[in-house]
Structures are given as C-alpha cells and as structure tokens.
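Chain residues, written in single-letter form:
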Amino acid sequence: VRVTAQRKGFTPSSITLPTSGPVVRGELTPVETPVVSGDPYVNKLLTASPGAWSPAPAESEIRWRADNKAIEGATGPTLTLTRALVGKRITAVSVAWRDGYWKAVSKSAPIGPVVLGTIEVAEPFTAAGSSRVGSRMWIEPGTFTPADATVSYAWLRDGVPIPGATGPSHDVVPADAGSRITAQVTLSKPNYQQLVQRFEIGGPVTTKPQLRITTKQRRGAAVVAVKVVAPGVNNPG
C-alpha cells in the first residue's frame, strides 16, 4: 500500500507500507453436512440434503459414492439403489465452488449396507394329505408381506422335481410308491431375496396290495394260484 501526502507549498511525500504477504484463496467452511434419508434396500430411493456453507457458494453439487468410490453418473439430490450396490455403504458428498475460494467437499454419514428386500411370512403355509397311492397332498397358503410377492409350487420325488407338478396339490400316483414326496413353496419378488419353504407329508409313499386268486382243475385235483398286486411296486411277492 502506498500513501502519498500533498500540501500547497510543500513537496509531496510518499511512503510504502509493507503487506502481510501474497493474497491467497479463501476457504468455504461447511456449516451443515449433507444428510441422507431413505431405506437402504434395492430399488428404493435415497435423498440427500445439500448441507450449508459459509460463505454461501456460487455453485454446489451432490455426488454419490459406494464404499467411498464414486458411482458413475450418480449426481443430484437422489439416488435409486440397484443390485450392483448390494453390500455397499452409500455416502452423499456435497461439492461447492466460489470465485476466489478453494473447492470444498463435505460428506454425509454413510448409510447401509444396501440389502435386498426381505419377504416376511405372517401366517405360515401348512401341508396336509396322505402319503398313499390314490390319495392327495396339498398346501394351505399362508399370508406374507409384501402381499404382491409371487407364490410358486414344486413337488419333488426323493428330492427330484416331478415333471408338471407345479400346483398347490399333488395326486399321489403309483410312480410315487416307496418314495418320499416333498412340496416346495417359493415366494419371490423383483429385488427381494427369495424365500423357499419345504414340506414333507408323511413318510415313504405306501400302496394298497391286492390278492388275485385263480383256480384250475387237473385230473381230480384243484390248482390254486395266488398273485399279489401292488400299484407302483414291481414283483411284490
């Protein structure tokens, strides 16, 4: 700073005052950090508040990070969670600018980890019926949330799916004899963890044997033939 003094009849005089140093950029100070709200479930929306600075910035922007790594293309106050983010912690970062000031960054507290939605059973499914050839087995449905989850059925013979057996009931046939029949109920919904339940109804499938008796006469003697027939059983004896 140079100061010059003048007065009529006097010779002007100047003095230069020393400065404290070169001019430096100012710093934007975070007054409030961003806050993320929302549930960390796949397909849900997270929202971040912008935070506050002193002095007020000319521009600011929210950028999103997963496990402290930038999510490509994820800028703005909201973020839709995808399956690719499962298991990661999400952070909102406020970036601020102003002429003559350093660019500043302020981070929210992390939220997460991101998880798939969970299907909850309120009233359990139950199994009923008989494990005997000619009878029927069935599943009584329960209740669950979310209520729009899809229910699918499969029936298994000794752990192997029975072709075409995909309804809530199964008619026990001779091919089931001697095997254990299991019902499998699967609850599913996009972006939710599948819920699988299995039910075994009774023990190994039994069948009702039948006796077939035939007689023949041969020169004063009667020949009696006895044959045991059991549906689903070869050579029952």
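For the structure itself, consult the block above.
Residues numbered from 1 in each chain as written. Predicted model: local features only at pLDDT ≥ 70, side-chain atom pairs only at ≥ 80, totals over all residues. Heavy atoms only, no water.

**A short note on the sheet that holds strand 11 (residues 104–107)**
In spatial order, the strands read 8-7-10-11; together these four strands make up an open sheet with antiparallel pairing. One side of each edge strand has no neighbouring strand; the edge strands of this open sheet are strand 8 (69–75) and strand 11. Shown here is a sheet whose adjacent strand axes are inclined to one another by a mean of 35°, direction ignored. Examined bridge by bridge, strand 7 (residues 59–66) and strand 8 share three bridges and lie antiparallel to one another. The partner of Ala 66 across the bridge, within strand 8, is Lys 69. (Pairing = 2+ DSSP bridges. Helix = DSSP H or I, 4+ residues; strand = E, 2+ residues; numbered from the N terminus. Axes fitted to C-alpha atoms, helices over the stretch in contact; angles between N-to-C directions.)

**Notes on the nonpolar core**
If you look at the biggest cluster of nonpolar residues, it comprises 20 residues, and the most contacted ones within it are Phe 125, Ile 139 and Trp 155. Among the secondary structure elements, those contributing two or more residues to this core are strand 15 (136–140), strand 17 (150–157) and strand 20 (181–188). When residues in this core are grouped by element, the largest group, four residues, is from strand 20. Those residues within four positions of Ile 139 in sequence are excluded, and the remaining contacts are Phe 125, Thr 126, Ala 127, Tyr 153, Trp 155, Pro 168, Ala 183, Val 185 and Phe 199. Listed in part, the 17 residues of the second largest apolar core include Val 42, Ile 62, Ala 92 and Ile 111. (Core = buried A, V, L, I, M, F, W, Y, C linked by side-chain atoms within 4.5 Å. Buried < 20%, exposed > 50% of the residue type's maximum accessible area, 1.4 Å probe, protein only. Contact = heavy atoms within 4.5 Å.)

**Section: the side chain of His 170**
Assignment of secondary structure puts His 170 in strand 19 (residues 169–171). For His 170, a relative accessible area of 8% corresponds to the buried category. Not counting the four nearest positions on each side in its chain, His 170 is found in contact with Ser 135, Arg 136, Met 137, Trp 155, Ile 162, Ala 165, Asp 176 and Ile 181.

**A word on unusual backbone geometry**
Cis geometry is found at the peptide bond from Ser 54 to Pro 55, where omega equals -10°. When you line up the elements, Pro 55 lands in the loop between strand 6 (52–54) and strand 7. Going from Gly 112 to Pro 113, the amide bond is cis rather than trans, its omega being 10°. Checked against the element boundaries, Pro 113 lands in the loop between strand 11 and strand 12 (117–118). Backbone geometry at Asn 43 places phi at a positive 80°, although glycine is not the residue there.

**Quick word on the sheet that holds strand 5 (residues 45–48)**
The three strands lie next to each other as 4-5-9, forming an open sheet whose pairing is antiparallel. In this open sheet, the two strands that pair with only one neighbour each are strand 4 (36–37) and strand 9 (78–80).

**Details of the pattern of salt bridges**
The tally for this structure, following the rule as stated, stands at five salt bridges. For Arg 63, the salt bridge identified is with Glu 61, shortest N-O distance 2.8 Å. Look at Glu 61 and you get partly exposed, because its relative accessible area is 30%. In this structure, Asp 148 engages Lys 189 in a salt bridge whose closest nitrogen and oxygen atoms are separated by 2.9 Å. Here Lys 189 lies in the loop between strand 20 and strand 21 (192–193) and Asp 148 lies in the loop between strand 16 (143–145) and strand 17, a separation of 41 residues in the sequence. For Asp 148, a relative accessible area of 52% puts it in the exposed group. Its relative accessible area of 23% is what places Lys 189 among the partly exposed residues. (Salt bridge = Lys/Arg side-chain N within 4 Å of Asp/Glu carboxyl O.)

**Brief notes about the pairing of strand 14 (residues 126–129)**
Alignment of strand 14 against strand 15, held across four bridges, turns out to be antiparallel. Bridge pairing in strand 15 places Ala 128 opposite Trp 138. Linking strand 14 back to strand 15 in an antiparallel pair, the connection comprises six residues, with Gly 134 at a positive phi of about 95°.

**Points about the packing of aromatic side chains**
Evaluated as defined, the whole model comprises one aromatic pair. Ring centres of Phe 125 and Phe 144 lie 6.3 Å apart, and the angle between their planes is 15°; on these two criteria the pair is classed as stacked. Taken together, the residues Phe 125 in the loop between strand 13 (120–123) and strand 14 and Phe 144 in strand 16 connect sequence positions 19 residues apart. Assigned by exposure class, Phe 125 and Phe 144 land together as buried. Lying across the ring of Trp 102, Arg 25 places its NZ or CZ 5.5 Å from the centre. (Phe/Tyr/Trp six-rings, centres within 6.5 Å; stacked < 30°, edge-to-face > 60°. Lys NZ or Arg CZ within 6 Å of the ring centre and 35° of its normal.)

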